[in-house]
Amino acid sequence: MSEGAIRRALLSVSDKSGLAELGAALAARGVELVSTGGTAKALRDAGLDVKDVSDLTGFPEMMDGRVKTLHPAVHGGLLALRDNPEHVAAMEAHGIGAIDLVVVNLYPFEATVAKGADRAEIIENIDIGGPSMVRSAAKNHGFVTILTDPADYATLIDEMDANDGATTQAFRTRMAGKAYARTAAYDSAIASWFAFSPAASDEPTLFPETLPLAFKRADTLRYGENPHQSAAIYVPQVAGTAGVPQAIQLQGKELSYNNLNDADAALELAAEFAGQEPAVVIVKHANPCGVAQGGSLLAAWEAALACDSVSAFGGIVAVNTELDAATAEAISAIFTEVVIAPSVSAEAREIFAKKKNLRLLECGQLPNPRRGGLALKTIAGGVLIQSRDNGAITADDLKVVTKRAPTEQELKDCLFAWTVARHVKSNAIVYAKDGATAGIGAGQMNRRDSARIAAIKAHEAAETYGWATPRTVGSAVASDAFFPFADGLLAAAEAGATAVIQPGGSIRDDEVIAAADEAGLAMVFTGMRHFRH
């Protein structure tokens, strides 16, 4: 029998998809099947002859199945080097038979956590024997084949048919690497639960001494941010997250790295308006270039587009409610890369179908903008990690610092502008009026320039649409961080803003407040900044 020949297989799986077909294929090729518990029952129910693992070990499964495969008869059969005379002699002396193939997928720990199970059920879904067998088989991949994914069952049978009932070293090596990646991710999920779950630990910490992270590759991408870069997208091992990677793509070309990044930025901002009146977000290069709410989605689209119709060309659109036909028709009038919505009407789908390259995504549910979690950024030599910026303020949190308090409409526009500003790259300035952005200044090295650029865009919009005055006149302006000098605030006043919302906290706050009073502005402090670098 050649190296890698499969004569005996041990199968123990929680995910039984494809199990009966695999068992039948192995049996048809003369492979002896050994199994445990529910897996053995499923194979027998399929009409296959199966030997219980207890027949190998001489011990019954005990302690509610906690102890069944942790035995020398199992691990000796997995770890023995078939070309080592001492190992072979030990196997013969102790009656240990070789196991050539192990098919294991682990207890569904991640799914158990995701469904909100109690502590006892979660603990019971920490697999011990499974990972032990996986590691033993993977270590001895010179002789033993290990499978941890039902997607590899068909490839295994093809390997055996092409190699006289054996597997190649290349296949076994590849499967061993995949097996160790699986156990590493599994252990990481368990460690994460102990580290982060209040239910699991009396003293959970946001930043444990060793940070366990596990992600599964969802797809490889054509290229990264630039064509000379490679890229892929990974998703958390634990199910239940909501976002662009979980959305269903209804049509269009493959999503690129930049598409995914921009669509995420758009969806995160659209989620701020969940459950509110219709909202449209237009994003370009991860920055909002137009955001609006309206009595209808179409009205919101028209107001958002008017903020910066130049930048909207080739942009990403996200909405907070079902996308209807009228809005789809309007969006289709300009070149748009990606559209994402919780749901898309049948009529809207038909309209978008005429734009073959447009990527249309249906996300089902919007992500929770107040959710916790970590944000990661790689730097040379390390990783910066922080908690997500999920801070939020309400009208009750605001402090009026000027002689004039904002009117009800100014206050509403202030809060809208503030919501948008927290999603704009710093230094961020956002003008808003009547539930729509009037001008957005993003990513400048000083706040004054951001204020001026946003005002320039508003002037251009007025010229494009034939308005008598730009929408910054009578608007509220939001600054993501404090004004270090009065110049940025005065630039906003020159653009026509009448109300200001900013964090406060500068050593020159008194100077800025005095300038606001002199200009007749109403200004409120949030006490919270939102840098986004």
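Going by the structure above, here's the rest.
Bringing the overall build of the protein chain into the picture now. Scanning the protein chain from N- to C-terminus turns up 19 helices and 21 strands. In terms of overall size, the protein chain is more extended than a compact globule, its C-alpha atoms giving a radius of gyration of 30 Å where 533 residues would be expected to give roughly 24 Å. Each principal axis of the C-alpha distribution contributes one length, and for the protein chain these read about 95 × 55 × 40 Å. Considering the protein chain as a whole, with its 533 residues, one finds that 48% of them fall into the buried category. Restricting to contacts in the protein chain with at least 6 residues of sequence separation, those with at least 24 account for 56%. Accessible surface, the protein chain: about 24700 Å² in total, of which carbon and sulfur atoms supply 53%. In the protein chain, 47 positive and 64 negative side-chain charges are present, and the distance between their average locations comes to 2 Å.

This part covers the pattern of salt bridges. Enumeration according to the criterion identifies 23 salt bridges in this entry. One salt-bridge network, in which partners are shared between bridges, spans E272, R370, D389 and R422.

With that settled, the discussion passes to the nonpolar core. Grouped together as the largest cluster of nonpolar side chains are 50 residues, with contacts concentrated most on L11, L26, V102, I146 and L156. Ranked by the residues each element gives to this core, the list is headed by helix 10 (residues 169-196), at eight residues.

Another aspect to go through is the packing of aromatic side chains. For the coordinates displayed, the defined rule picks out six aromatic pairs. A centroid spacing of 6.2 Å and a plane angle of 80° characterise the contact between F109 and W193, whose relative ring orientation is edge-to-face. One end of the pair, F109, is in helix 6 (residues 109-114); the other, W193, is in helix 10, with 84 residues separating them in the sequence. The exposure class of F109 is buried, given its relative accessible area of 1%. Residue classification places W193 among the buried residues on the basis of a relative accessible area of 6%. Three or more aromatic residues joined by ring pairs form one cluster here, namely F109, Y186, W193 and F194.

Residue N427 is reached from S426 by a cis peptide bond, and omega for that bond is -5°. Structurally, N427 can be placed in the loop between helix 16 (408-421) and strand 17 (429-433). You will see that H285, though not glycine, has its phi angle at about 55°, which is positive. Relative to the elements of secondary structure, H285 occurs in the loop between strand 9 (279-284) and strand 10 (287-293).

A word on helix 17 (residues 447-465). Here helix 17 spans 27 Å end to end across 19 residues, near enough to the 27 Å set by a 1.5 Å rise per residue. For helix 17, the complete set of buried residues consists of R447, S450, A451, A454, A455, A458, A461 and A462. Take helix 17 and look down its axis: the buried residues cluster within an arc of 130°, on one side only. Away from its buried face, by an angle of more than 90 degrees, helix 17 presents the exposed residues E463 and T464. Regarding helix 17, its N-cap is N446, as a side-chain oxygen of that residue lies 3.1 Å from the backbone nitrogen of R448 further along. Just beyond helix 17, the residue with positive phi is G466, at close to 75°.

Tracing the backbone shows R222 in the loop between strand 6 (215-221) and strand 7 (231-236). The exposure class assigned to R222 is partly exposed, which follows from its relative accessible area of 47%. Taking the C-alpha atoms as reference points, R222 and K356, 134 residues apart in sequence, are found 19 Å from one another. Excluding anything up to four places from it in sequence, R222 contacts E254, S256 and R359.

Here helix 17 crosses helix 18 (residues 486-494) at 10°, and the two axes come no closer than 8 Å. It follows from the interaxial angle that helix 17 and helix 18 lie roughly parallel. Each of R448, A451 and R452 in helix 17 lies in contact with helix 18, whose residues at this interface are D487, G488, A491 and A492. Across the contact of helix 17 with helix 18, the residue classes tally to three nonpolar, one polar and three charged.

Looking now at helix 18. Within the sequence span of helix 18, burial applies to A486, G488, L489, A491 and A492. Those residues of helix 18 hidden inside the fold are in contact with strand 17, helix 17, strand 19 (476-479), strand 20 (499-502), helix 19 (509-518) and strand 21 (522-525). In the stretch just after helix 18, G496 is the one whose phi turns positive, near 110°.

The parallel open sheet is built from five strands, whose spatial order is 3-2-1-4-5. Since the sheet does not close on itself, it has two edges, and those belong to strand 3 (51-52) and strand 5 (145-147), each with one partner. When strand 2 (residues 32-35) meets strand 3, the two strands line up parallel, connected through two bridges. Considered in strand 3, the bridge of S35 is made with D52. Against the sheet, helix 2 (residues 37-45) contacts strand 1 (8-13), strand 2 and strand 3, and its axis sits at roughly 110° relative to strand 1.

With their axes 9 Å apart at the nearest point, helix 8 (residues 129-139) and helix 10 run at an angle of 150° to one another. In terms of orientation, helix 8 and helix 10 fall into the roughly antiparallel class. Judged by the twist between their axes, the crossing of helix 8 over helix 10 is left-handed. Residues P131, V134, R135, A138 and K139 of helix 8 form the contact with helix 10, whose own contacting residues are A176, A179, Y180, T183, Y186 and D187. For the contact of helix 8 with helix 10, the residue count by class is seven nonpolar, one polar and three charged.

What follows covers the side chain of D262. With respect to the element layout, D262 can be found in helix 11 (residues 257-271). Despite its burial, D262 pairs with no opposite charge, the nearest such side chain being K284 at 8.1 Å. The contact partners of D262, leaving out residues within four places of it in the chain, are V283, H285, A286 and I316.

This paragraph deals with the side chain of T437. Relative to the helices and strands, T437 is located in strand 18 (residues 436-441). The class of T437 is buried, set by a relative accessible area of 0%. Apart from the residues within four sequence positions on either side, T437 is in contact with G290, V291, C307, F416, V420, V430, Y431, A432 and R471.

How each quantity is defined
Residues numbered from 1 in each chain as written. Predicted model: local features only at pLDDT ≥ 70, side-chain atom pairs only at ≥ 80, totals over all residues. Heavy atoms only, no water. Helix = DSSP H or I, 4+ residues; strand = E, 2+ residues; numbered from the N terminus. Rg over C-alpha atoms; globule rule 2.2 N^0.38 Å. Buried < 20%, exposed > 50% of the residue type's maximum accessible area, 1.4 Å probe, protein only. Contact = heavy atoms within 4.5 Å. Areas by Shrake-Rupley, 256 points an atom, 1.4 Å probe, with all protein chains shown as cover. Lys, Arg positive; Asp, Glu negative; His and termini not counted. Charge placed at Lys NZ, Arg CZ, Asp CG, Glu CD. Salt bridge = Lys/Arg side-chain N within 4 Å of Asp/Glu carboxyl O. Core = buried A, V, L, I, M, F, W, Y, C linked by side-chain atoms within 4.5 Å. Phe/Tyr/Trp six-rings, centres within 6.5 Å; stacked < 30°, edge-to-face > 60°. Expected span 1.5 Å × (residues − 1). Arc of directions from axis to C-beta. Polar contact = N/O pair within 3.5 Å; in protein donor to acceptor, adjacent residues only side chain to side chain. Axes fitted to C-alpha atoms, helices over the stretch in contact; angles between N-to-C directions. Parallel < 35°, antiparallel > 145°, perpendicular 65-115°, else oblique. Nonpolar A, V, L, I, M, F, W, Y, C, P; charged D, E, K, R; others polar. Pairing = 2+ DSSP bridges. Left-handed = near helix turned anticlockwise from the far one by under 90°.

Note that every value here comes from positions in space, so none of it alone points to a role or purpose.
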